[in-house]
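Report on the structure
In case you want the letters, here they are:
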Amino acid sequence: MTATPVNTPRLDGYRMPAEFEAHRGCWMLWPKRGDTWRLGAKPAQAAFAEVARAIRQFEPVTVGVDRDQWENARAVLPDEIRVVEISSDDAWIRDTGPTFVVGPDHRLRGVDWQFNAWGGLNGGLYFPWSRDSLVAGKVLAIEGAGRYRAPLVMEGGSFHVDGQGTLITTKECLLNPNRNPGLDRLQIEACLKDYLNIEKVIWIDKGVYQDETDGHVDNLCCFTAPGEVLLTWTDDPGDPQYERSRKAFDLLSTATDARGRRLTVHRIHQPEPMAATPDECRGLDVSETAKPRRAGDRLAASYVNFYIANGGIVMPLFDDPRDRDAADLLARLFPGRNIVGVKSREILLGGGNIHCITQQVPSGGNRP
């Protein structure tokens, strides 16, 4: 068992790299929860497997699986994808897994945030979440990486960094009283600086409309390069997302990063609004411990929720006419990376997308 560091990443000289920096691999979890994933999670498992196969074209992939699903996952996933036994309450490793940080000697450690299922008993999505709270520590033990236990309730999808001192997040999420009611904005910023070794926080008001994570920024915008941000957009002023994206665009267009650069903002048009169907909702288990999902609920579909791999981009497809334009834009923004699309409605029905079900492991030097 790797020892828990005494200091913070900042004091130890560790930083969180940007997602477009080099990786040594990717982690995922295997879906099985019947009140999140319809039809016994079989359609979701097929979608997760397709994402894993797409990422494996570019870098190693490890999938954590509950004991009772291990044989099933091992049979579905290709042999070159590592499958390990890790229990969890659901499959959102972006939020339950560790945030990896790299030291000046290229050694790898990880930040283990406090987790309360996106709001605890005040708006959270399910209860209990005790197995999810152990995921980060288990992943770090397997990776042989030291663990920083952060004193902040937060999820990995609630922020993005540029690797050069800048972090973007939303007030809707990080300042929500169902996360850290005893901390104000300055105290939360101080914790982010200590545990991610960043210098500046850019606060956007709100995330994507009807995003059940309370507005995670990874569904709204992300860094594509130092000084460049990609923002989800709609041209329809009657869409509730229009005002959210417009305000975010105005703020980001006038913002500077930690190095004083004015940000360049690229806009990527969202797919047409979509909602869960009656058939899709009928396939869910009835549960008293999870947020109900109802027919007609708007789905927080966004092309920004993609995974950056070493040589590629694995992006969501929605069978929407804008899929092609989105892929073309990503190809321009990420020259030299192959764009691989995966049909992801089954993931979206669970409340997130490709970025939400993945966690990159940045390059480090402490694995044999």
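Look a little higher up for the structure.
Model, not experiment: these values are computed from the prediction.

Brief notes about the overall build of the protein chain
Counting secondary structure elements, the protein chain contains 11 helices and 18 strands. Seen along its three principal axes, the alpha-carbon backbone of the protein chain occupies a region of about 50 × 50 × 45 Å. Each of the 368 residues in the protein chain was classed as buried or not, and the buried ones make up 59%. Total accessible area computed for the protein chain in this model is approximately 14,500 Å², and 49% of it derives from carbon and sulfur atoms.

Some points on the nonpolar core
Grouped together as the largest cluster of nonpolar side chains are 52 residues, with contacts concentrated most on Met28, Val51, Val63, Leu77, Tyr126, Val314 and Ile347. Looking at this core, the elements with two or more residues in it are strand E1 (23–29), helix H2 (42–56), strand E2 (61–65), strand E3 (82–85), strand E4 (99–102), helix H5 (135–143) and strand E17 (338–343). Considering every element that reaches this core, the biggest residue donor is H2, with eight residues. Contacts of Val51, omitting those with residues within four sequence positions, involve Met28, Val342, Ile347, Ile354, Ile357 and Thr358. Core analysis: the second largest hydrophobic core is formed by 42 residues, Leu252, Cys281, Ala301 and Ile308 among them.

Some details on the sheet that holds strand E10 (residues 221–225)
Pairing between sheet strands relies on hydrogen bonds along the backbone, with the strands arranged either parallel or antiparallel. Reading across the sheet, the three strands line up as E10-E11-E12 and stay open at both edges, with mixed pairing between neighbours. Both edges of this open sheet fall to E10 and strand E12 (264–269), since each of them pairs with a single strand only. Across this sheet, the average inter-strand angle for adjacent strands is 30°, counted without regard to direction. Each of E10, strand E11 (228–233) and E12 is contacted by helix H8 (residues 240–254), which is oriented at about 165° to E11, the strand it contacts most. The sheet strands contacting helix H10 (residues 323–333) are E10, E11 and E12, and the helix crosses E12 at an angle near 155°.

What about H8?
Within the sequence span of H8, burial applies to Gln241, Arg244, Ser245, Ala248 and Leu252. Mapping the buried residues of H8 onto a view down its axis gives an arc of 90°, with all of them on the same face.

Let's talk about the packing of aromatic side chains
Under the counting rule described, the total for this entry stands at 11 aromatic pairs. Here the aromatic rings of Trp118 and Tyr126 are separated by 5.6 Å at their centres, their planes lie at 85°, and the arrangement is edge-to-face. Accessibility assignment for this pair places Trp118 and Tyr126 in one class, buried. Here Tyr303 and Phe318 contribute two aromatic rings whose centre-to-centre distance is 5.3 Å and whose plane-to-plane angle is 65°, an arrangement assigned as edge-to-face. Linking Tyr303 in the loop between strand E14 (298–299) and strand E15 (307–308) with Phe318 in the loop between strand E16 (312–317) and H10, this pair joins segments that are 15 residues apart in sequence. Here Arg33 stacks its cationic end above the ring of Tyr126, 4.3 Å away from the centre of that ring. Taking NZ or CZ as reference, Arg267 lies 4.6 Å from the ring centre of Phe249, over its face.

What counts, and at which threshold
- Residues numbered from 1 in each chain as written.
- Predicted model: local features only at pLDDT ≥ 70, side-chain atom pairs only at ≥ 80, totals over all residues.
- Heavy atoms only, no water.
- Helix = DSSP H or I, 4+ residues; strand = E, 2+ residues; numbered from the N terminus.
- Buried < 20%, exposed > 50% of the residue type's maximum accessible area, 1.4 Å probe, protein only.
- Areas by Shrake-Rupley, 256 points an atom, 1.4 Å probe, with all protein chains shown as cover.
- Core = buried A, V, L, I, M, F, W, Y, C linked by side-chain atoms within 4.5 Å.
- Contact = heavy atoms within 4.5 Å.
- Pairing = 2+ DSSP bridges.
- Axes fitted to C-alpha atoms, helices over the stretch in contact; angles between N-to-C directions.
- Arc of directions from axis to C-beta.
- Phe/Tyr/Trp six-rings, centres within 6.5 Å; stacked < 30°, edge-to-face > 60°.
- Lys NZ or Arg CZ within 6 Å of the ring centre and 35° of its normal.

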